[in-house]
Amino acid sequence: PATCATSAGHEPSPSSPAAETRSETWIKMFSKWGMSMQGVYILLSIYYFGVSGGILNMCGYIVPESPVKLSIGSNFTAFCILHNNCPHGKYRAEQVIWKMKTTAVPKEQYSIINETVSSVTFNDTSTLVSPLTCNVLVPGGLIQNIYGIQLELGYPPDKPTNLSCIVIQIEASSFNHICSWEPGRDTLLSTNYSLKHRWPTSTFSDCIPQDSNNSCTMSEVVFFVTLEMWVQARNELGVAESDHIEFDPISRVKPLPPHKLSLNSGEFPRILRISWENRIKLTQNLKYKIQYKILNSNDWNEIPPEDTALLRTSFTLQALEPNTAYQIRLCCGIHLSKYWSEWSEVIGFTAEDRPSKGPVLWRNIKTSDSAGNWTLSLLWKELSPSEANGVILEYKVSISGRPPLSFPTGHYSLNTTQLVLNVENGTYDVSITAVNKAGESPTSLLLIPATNSKAPVKNIVAFPEDGKLWVNWTPPKESVSKYIIEWQEACSNLNCPTEWQQEPGSKRRTFLKGTIKPYKRYIITVYPLYSGGQGEGESTQAYLQQDVPATGPNIRTKKLGKFEAILEWEPLSVEEQNGFIKNYTISYRTGTGDERVVAVDPSKTEYLLSSLLSNTL
């Protein structure tokens, strides 16, 4: 069906009280108007149809005019006004058939106002389908279309809520004032939103959202004035307005972050001075957040806010670790504003400091000849980064013999962690320091006695726990300054390397801090070190994890008699055992079919089977 253009006047919502009053007015008018008055209205409002296929030209129209905006769920009444001067004959209101698209509206919803006016009423517009047409039944059973209107269903706008604004600095003197709000439910109709703002003495042009219905951006911002802002939503069904908010735009500024960050440690190993430039010039009331952490760690430290609450261009971080990479980040804000800038970040190193402690020192002694001379290996551990405080350039080692030895003091400078000397059996004093660019570490001392004459530890036990290999011991009665824990894999060639670690004299247990493998047997030795000597080492053996043996022993007959047999076998190598052997099991069957099982102590390598029957397998 053809539709008409929107009339110049604005019609109230059919669901409103004004619409209901209008419908009653139309009914009274249709009952009283003469044909001459209707003719005048027709001349003003008629839309000429030009659709072929039986549509009647200039035979009537519908009030209200198209397009009609309706609130979903409201009631609505339309009127079809028939012309008396229709060129195809005179039609009466009782001939009218109302249709929604192609579906006829039930006649219960019709009303005959007068001879030429028919109305249709919908108590719930949610059932309406566009277009709505007025049709007549003509002779021959044909239905001719008279007029049609387009309907649009929707809602009046909700009150916009949660209006908030932020002023974002774009460049040194350029800002965007962005306000956003929640528009409420979709109206399903064209709805216009406008952001309104004014000073107490001035009102400004509205900000009209572009490509959205919930935010608007203004590029002109004036600070240090009180601004009133609100949002208005308008469509054909109504107008809604948000709550008004008042604020000074300076209190909503999110500034650009400080830039041109630089770090300087100078010669001080525990400080870093960070410098920057501020990019917001309109106020001196700036505050800062400064956070720092060791590079690649997860934990940030923050400077207390009261220390960074004033305008500044630098700050000195203190109590840092020497020779350490730090990641530092900085942001700024205006005192009156709740918004902070984005972070600016910089990475820098503190200067080196002298090592905080000397290397942990130990020895390994092997008798080198029949006279009892020693091959003495002096061993030391590299310092951890937190102890070295820089790059270790060299180690300085000194060794001197005590009388009756005639061993002159030797001084050595090395960049390795071992020194091997051939010396006489005797008592020696060893000292070592580590050197970096900033200086020399405290001295570590080791007394190497001719014999281990002091008391050893007791009750040494090793066991696996929580994925680690632990060792416990009972300390001697005499005060111990420190312990040395040695361990090595038990291997067939007796040449497995030895590892070691130092523990404080207060310890009673520790775990091995190296790479400990499953299914490998470890020999663990604990040495107590005293201020004036050393105790003999006490040892134990243990596995981190055990498994079944990798293979069984190869068994053979050593001696065979009429009623007895001696079996012998080679013990499994320590690499094949995968754990402690509990026993060997010998199974055999007699000629009568009896099966017998014998358990043999793991220390044995042969076994006598006696009281055998002849013909026993």
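Quick look at the structure, then. Computed from a predicted structure; not experimentally measured.

1. Quick look at the sheet that holds strand β27 (residues 374–380)
For step 1, the next point in the chain: Reading across the sheet, the three strands line up as β26-β27-β30 and stay open at both edges, with antiparallel pairing between neighbours. Each edge of the sheet is formed by a strand with only one pairing partner; in this case those strands are β26 (361–367) and β30 (418–423). Across the sheet, the axes of successive neighbouring strands diverge by a mean angle of 20°, strand direction being ignored.

2. Looking at the nonpolar core
For step 1, the next point in the chain: Counting 33 residues, the largest nonpolar core has Phe76, Trp98, Val120, Phe122, Leu132 and Leu151 as its most contacted members.
For step 2, the next point in the chain: Those elements giving two or more residues to this core turn out to be β1 (60–63), β2 (68–71), β3 (76–82), β4 (96–100), β6 (110–114), β7 (117–122), β8 (132–138) and β9 (142–149).
For step 3, the next point in the chain: The leading source of residues in this core is β3, at six residues.
For step 4, the next point in the chain: Beyond its immediate sequence surroundings of up to four residues, Leu132 is in contact with Ile62, Phe76, Ala78, Trp98, Lys99, Met100, Val120, Phe122, Tyr147, Gly148, Ile149 and Leu151.
For step 5, the next point in the chain: In this structure, Tyr395, Leu421, Tyr428 and Leu446 belong to the second largest nonpolar core, which totals 28 residues.

3. Observations regarding the pattern of salt bridges
For step 1, the next point in the chain: Applying the stated criterion to the full structure yields 20 salt bridges.
For step 2, the next point in the chain: Here Lys507 and Glu503 are joined by a salt bridge, their closest N and O atoms 3.0 Å apart.
For step 3, the next point in the chain: Taking the relative accessible area as the measure of exposure, Lys507 reaches 30% and is therefore partly exposed.
For step 4, the next point in the chain: Residue Glu503 is classed as buried on the basis of its relative accessible area, which comes to 5%.
For step 5, the next point in the chain: Taking the shortest distance from any N to any O, the salt bridge between Glu568 and Arg556 comes out at 3.0 Å. Here the residue Glu568 occupies a position in strand β43 (residues 565–569), and Arg556 occupies one in strand β42 (residues 555–560), the gap between them amounting to 12 residues.

4. Looking at the layout of surface pockets
For step 1, the next point in the chain: Size it by volume and the largest pocket reaches roughly 350 Å³.
For step 2, the next point in the chain: At the level of elements, β26, β27, β36 (482–489) and β37 (498–504) are the ones that each hand at least two residues to the lining of the largest pocket.
For step 3, the next point in the chain: Classifying every residue of the lining of the largest pocket by side-chain character gives six nonpolar, seven polar and two charged.
For step 4, the next point in the chain: For the lining of the largest pocket, the domains that each give at least three residues are domain 4 (360–448) and domain 5 (458–543).

5. Here we look at the environment of Gly266
For step 1, the next point in the chain: Here Gly266 is to be found in the loop between β19 (259–264) and β20 (272–277).
For step 2, the next point in the chain: Note on Gly266: relative accessible area 42%, which makes it partly exposed.
For step 3, the next point in the chain: Measuring from C-alpha to C-alpha, the distance between Gly266 and Thr350 comes to 8.3 Å, with 84 residues separating the pair along the chain.

6. Quick look at the state of the cysteines
For step 1, the next point in the chain: For the structure shown, the criterion picks out five disulfides.
For step 2, the next point in the chain: Put simply, Cys59 and Cys86 are joined by a disulfide, and their sulfur atoms are 2.0 Å apart. Its S-S torsion of about 50° marks the bond between Cys59 and Cys86 as right-handed, since a negative value means left-handed. Separated by 27 residues along the polypeptide, Cys59 in the loop between α2 (35–45) and β1 and Cys86 in the loop between β3 and β4 bring together distant segments of the chain.
For step 3, the next point in the chain: By relative accessible area, Cys59 is classed as buried at 1%.
For step 4, the next point in the chain: What makes Cys86 buried here is its relative accessible area of 8%.
For step 5, the next point in the chain: Between Cys207 and Cys216 runs a disulfide, and the two sulfur atoms are separated by 1.9 Å. Judged by the torsion about the S-S bond (-90°), the Cys207/Cys216 disulfide is left-handed.
For step 6, the next point in the chain: What makes Cys216 buried here is its relative accessible area of 4%.
For step 7, the next point in the chain: Sulfur of Cys331: no disulfide; nearest cysteine sulfur belongs to Cys332 and is 7.0 Å away.
For step 8, the next point in the chain: Owing to a relative accessible area of 2%, Cys331 belongs among the buried residues under this scheme.

Conventions we followed
- Numbers given to residues run from 1 along each chain, matching the order in which its sequence is written.
- Side-chain atom pairs in this predicted model are given and counted only at pLDDT of 80 or more, local residue features only at pLDDT of at least 70, and totals for whole chains, interfaces and linings cover all residues.
- Side-chain measures here rest on the full set of heavy atoms in the structure, leaving out hydrogens and waters.
- A pair of strands is treated as paired once DSSP finds two or more bridges between them.
- Per the convention used, a helix needs a DSSP run of H or I reaching at least four residues, while a strand needs a run of E reaching at least two, with both numbered from the N terminus.
- Every angle, taken between N-to-C directions, lies between 0 and 180 degrees, and every axis is a line fitted to C-alpha atoms, over only the stretch in contact when it is a helix.
- Definition of nonpolar core: a set of buried residues of the types Ala, Val, Leu, Ile, Met, Phe, Trp, Tyr and Cys, connected through side-chain atoms within 4.5 Å.
- To sort residues, take the accessible area from a 1.4 Å probe on protein chains only and compare it with the maximum for the residue type: under 20% means buried, over 50% means exposed, and anything in between is partly exposed.
- Whether two residues are in contact is decided by their heavy atoms: any pair within 4.5 Å suffices.
- Counted as salt bridges are all cases of a side-chain nitrogen of Lys or Arg within 4 Å of a carboxyl oxygen of Asp or Glu.
- Put simply, the grid is 1 Å and covers the protein atoms alone, a cavity is a trapped set of points that fit a 1.4 Å probe, a pocket is an open set with protein on both sides within 12 Å along at least five of seven lines, and lining residues have an atom within 4 Å of a point.
- Grid points are joined across faces, edges and corners, and a volume is the space filled by probe spheres set on the points.
- Amino acids are sorted into nonpolar (Ala, Val, Leu, Ile, Met, Phe, Trp, Tyr, Cys and Pro), charged (Asp, Glu, Lys and Arg) and polar (every other residue, Gly among them).
- For the domain bounds, the source is a domain assignment made automatically or taken from a database.
- We call a pair of cysteine sulfur atoms a disulfide when they lie within 2.5 Å.

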